Amino acid sequence: MRPGSQILPVLTLALGLSTTVFAQGSSSVPNTFPHSWPGQPKGNFSTEWQSYFEVTAKLPNITGSLPRNFAGNIPVNRPGHPNDTLFFWAFEKTGQNGSLTAPANPNNTDPWFIWLQGGPGSSGMIALTTENGPIHVQPNGTWFQNPFSWNTLADTIWIDQPVGTGFSTADSTGYVPDEDQTGEDFVGFLTNLVQVFPSLATRPLFLTGESYAGTYIPYITKHIFQTPNPPVNLRKIAIGDGSLGSQATVEHLPVVNVIETYPALIGYDEDVFNFFREQTHLCAFDLNLTYPQEGHFPTLNLVRPTANSALSQALLNPTETRARTMREVVSEKFAVVHGSPAAALAKRADFLERREEERQQWKRDLSGRANGTIDPSYGCFLLDELIDYAVNFTFPWSNGDFDVYDIPDGTNPEPFKNASTFFNDNRTRAALHAPTSKDWIRNFNYPFGSVHDRSKGNQYGDPSVEPIAFLSELAANASAANVSIIFYSGNDDALVQHRGTEVIIQNMTFGGTQGFTRPPATPWFDDDGNFAGIVHQERGLAYVLFDSAGHLVPLWKPAQALVFLREFVLGDNLNGTVSGNVVVGGENVTLAGEFLPGGNVVYFGSSATQGTSTIPAATQAAWSSFIATATAVPSPLGTNSASTMEVSGIVWLGGLAISVASWTML
């Protein structure tokens, strides 16, 4: 756990081979319905419902005053399913009482946010209570108010969706069969929402979310565009670390970039790097990004393992047995290879010796494999192979944990922050007008089509085509509707690494041209003047990379996320914008490569950070020399480009191109 951060042991927030928990069963799906609390108005939705939805009772363990807020369930208007509802919790902008309940006024231009979580099947209340919301839970169950909450900038609504997620309800046959139904349901929800809060119908909406919301949001946006007289005025969509493409594209294609960002994952071993690089080539994952892009990329084939192993069987048979958390899988691997943590510590010398012997045997096995062949044990599931290598051979991940959401976090177990006790307290339930027909859970195995069937569709049972299939059309419609698009990524995310997002951008057409015409290479800074990452903007599409942030960007970089929100989402900051032959803010050649080197600290410990580790400068220099030769390609910006600008006066630039800081392998 990073000091000062709020690490959430996410179970299903993103993608991954093992994604869900079965708190509500796996063989059947729940039948749930909203609750009618005292004072609920009769008849259709109207402004009379504002006083009903307002949260006025004191919330347990929450101290201090909160901005005025509203919560409850609103139907999605799906015929035959009156109990299909979405749960929302809306907070007015700090210091601006009455903003949500303002009357309809076409001249009201105050912005408002919607936040959606991923999963599929993760509650939006996860973000409200651990990432970008006004109240945050601690591992010991205490709470504090978050000064970086997104409602400090605008009215913000966190939503549990699709139907049946979190406090949202669904009858046993009413779960969404696909993402088009998700989009239709959401438009139905919005139609009712603006009857309660009429000003939201014309005020500019900024639709945001992360992870599997990268699938939800494009489908929702598509259905808003397809709706005659849509219920809201969509202004911009912002997707963080989003599942915009196939599993091959977002998870396994970027593995070499993951290693280049944090080479300590493989102990700075050149042979291991070359192995993963070869496998990337054999899997046809080494796509060539050009600026401008030359031609579309082919459909990637995610080759499955051919060897008869537990992993190959799991991948060849995507059944409920695969639906376990990534952390559980890693812990099992650790136990099998090393025995219990106590036993490993008791025999530390033997443990380290055995691990090195096994690592050498792993390398001998590779050298004995026929050259030019895909590893039969893993196929092209390269992220899984990297995880296995790190868990087996590289400290601190060899302690039994690999956090795919935040690479340098090696704590095991991580501090567990769970708001379930709070939400399921009857006082909270009544205050939020939540259903009594179910308990709130953070995430669950989403039953697409009202059944749990992972043999259909993608690894989550979602039969819908990935958004990349229609992103070009969506971008054209967005441009016509004056809706902007933002994709952002955390550099320390291993699961939906930024390289996959960049591939998707280069494979889509927007503003009449395919991909960016120049590589992202413009730095952006936080309010203290510190380097925050890279930004690039062209023709209505912006891409922002966060330095030292994991999959859950607002969790690890809350202050920087708020600056990003203010400047690039709500605002029209032109930094990184291509204008003719000029890029606003300049370009830095050291930022134009395929990866941004990770940080120089890794954290380890049990339930808390108990130590950090760094790599000697000599090891860093040796690796930098190796990687410069192994991956030498001309700079996409060129060395004499007139538009290339070196940013002076920033200490971190001096060693950025060659210093890759990390830690030694024991």
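All of these numbers come straight from a predicted model, not from anything done at the bench.

A. Quick peek at the overall build of the chain. Secondary structure assignment for the chain yields 19 helices and 19 strands. Taking all 666 residues of the chain together, 60% fall into the buried category. Sequence-distant contacts in the chain: of pairs separated by 6 or more residues, those separated by 24 or more amount to 76%. With the model as given, the accessible surface of the chain reaches about 23800 Å², and the carbon-plus-sulfur share is 52%.

B. Broad picture of the state of the cysteines. A complete count under the given rule lists 1 disulfide for this structure. With its sulfur 2.0 Å from that of its partner, Cys283 forms a disulfide with Cys380. Judged by the sign of its S-S torsion, about -95°, the cystine formed by Cys283 and Cys380 is left-handed. Note that Cys283 is positioned in the loop between helix 7 (270–282) and helix 8 (310–316) and Cys380 in the loop between helix 11 (348–368) and helix 12 (382–393), a separation of 97 residues in sequence. Classification of Cys380 by relative accessible area gives buried; the value is 0%.

C. The arrangement of the sheet that holds strand 19 (residues 611–613) in detail. An order of 9-18-19 is seen for the 3 strands of this open sheet, with the pairing classed as mixed. Two strands lie at the open edges of the sheet, namely strand 9 (409–411) and strand 19, each paired on one side alone. Each strand axis lies, on average, 25° off the axis of its neighbour in the sheet, ignoring direction. Pairing of strand 9 with strand 18 (residues 602–605) involves 3 bridges; the strand directions are parallel. Bridge pairing in strand 18 places Gly410 opposite Phe604.

D. Structural view of helix 12. With 12 residues, helix 12 ought to run about 16 Å at 1.5 Å a step, and its terminal C-alpha atoms sit 16 Å apart, in line with that. The element helix 12 is largely enclosed, with a buried count of 12 among its 12 residues. By the burial criterion, the buried members of helix 12 are Leu382, Leu383, Asp384, Glu385, Leu386, Ile387, Asp388, Tyr389, Ala390, Val391, Asn392 and Phe393.

E. Examining the side chain of Thr290 more closely. Along the chain, Thr290 turns up in the loop between helix 7 and helix 8. Polar side-chain contacts of Thr290 include one of 3.0 Å to the backbone nitrogen of Glu294. Residues in contact with Thr290, not counting those within four places in the same chain, are Gln506 and Phe516.

F. Up close: the pattern of salt bridges. Following the criterion strictly, the structure yields 14 salt bridges and no others. Taking the shortest distance from any N to any O, the salt bridge between Arg78 and Asp185 comes out at 2.6 Å. Residue Arg78 is found in the loop between strand 1 (69–75) and strand 2 (85–91), and its partner Asp185 is found in helix 3 (residues 179–196); the two are separated by 107 residues along the sequence. Comparing Arg78 with Asp185, the two get one shared label, buried. The structure contains a network of salt bridges with shared partners spanning Arg78, Asp84 and Asp185.

G. Expanded view of the pairing of strand 8 (residues 233–240). With 6 of its 8 residues buried, strand 8 lies for the most part within the structure. Strand direction decides the pairing type here: strand 7 (residues 204–210) and strand 8, joined by 7 bridges, are parallel. Among the inter-strand pairings, Gly209 is bridged to a residue of strand 8, identified as Ile239. Regarding the hand of the β-α-β motif, the stretch spanning strand 7, helix 4 (residues 213–226) and strand 8 is right-handed.

H. Examining the sheet that holds strand 3 (residues 112–116) more closely. With mixed pairing, 10 strands are arranged side by side in an open sheet as 1-2-6-3-7-8-10-15-14-13. A single partner strand is all that each edge strand has here, and the edge strands are strand 1 and strand 13 (522–525). Ignoring which end each strand starts from, the neighbouring axes of this sheet average 25° apart. Relative to strand 15 (residues 541–546), strand 14 (residues 531–538) is paired through 6 bridges, and the arrangement is antiparallel. Bridge pairing in strand 15 links Ile534 to Leu545. Most of the contacts of helix 4 go to strand 8, to which it runs at about 165°, and overall it touches strand 3, strand 7 and strand 8. The strands touched by helix 16 (residues 498–506) within the sheet are strand 10 (484–490) and strand 15, with strand 15 carrying the most contacts at an inclination of about 165°.

I. Geometry of the nonpolar core. Ranked by internal contacts, the top residues of the largest apolar core, which has 124 residues, are Phe88 and Ile114. A per-element tally of this core places helix 12 first, with 8 residues. Discounting residues that sit within four places of it in the chain, Phe88 has contacts with Phe53, Phe70, Ala71, Gly72, Ile74, Ile157, Trp158, Ile159, Phe189 and Phe197. Of all hydrophobic cores here, the second largest spans 45 residues; its members include Trp150, Phe422, Phe546 and Ala549.

J. Representation of unusual backbone geometry within the structure. Here the bond from Tyr291 into Pro292 is cis, since omega is 0°, no more than 30 degrees from zero. Along the polypeptide, Pro292 turns up in the loop between helix 7 and helix 8. The amide bond that connects Phe395 to the next residue, Pro396, takes the cis arrangement and shows omega of 0°. On the secondary structure map, Pro396 appears in the loop between helix 12 and strand 9. Non-glycine residue Asn229 carries a positive phi angle of around 50°. By secondary structure assignment, the location of Asn229 is in the loop between helix 4 and strand 8. Given a relative accessible area of 76%, Asn229 falls into the exposed group. In the Ramachandran plot, Ser450 falls in the positive-phi region, its phi being about 65° despite a non-glycine side chain. Relative to the helices and strands, Ser450 is located in the loop between helix 14 (426–431) and helix 15 (471–480).

What counts, and at which threshold
- Residues numbered from 1 in each chain as written.
- Predicted model: local features only at pLDDT ≥ 70, side-chain atom pairs only at ≥ 80, totals over all residues.
- Heavy atoms only, no water.
- Helix = DSSP H or I, 4+ residues; strand = E, 2+ residues; numbered from the N terminus.
- Buried < 20%, exposed > 50% of the residue type's maximum accessible area, 1.4 Å probe, protein only.
- Contact = heavy atoms within 4.5 Å.
- Areas by Shrake-Rupley, 256 points an atom, 1.4 Å probe, with all protein chains shown as cover.
- Disulfide = S-S within 2.5 Å.
- Pairing = 2+ DSSP bridges.
- Axes fitted to C-alpha atoms, helices over the stretch in contact; angles between N-to-C directions.
- Expected span 1.5 Å × (residues − 1).
- Polar contact = N/O pair within 3.5 Å; in protein donor to acceptor, adjacent residues only side chain to side chain.
- Salt bridge = Lys/Arg side-chain N within 4 Å of Asp/Glu carboxyl O.
- Right-handed = clockwise from strand over helix to strand, strands pointing away.
- Core = buried A, V, L, I, M, F, W, Y, C linked by side-chain atoms within 4.5 Å.

Nothing here speaks to function; it is all geometry.
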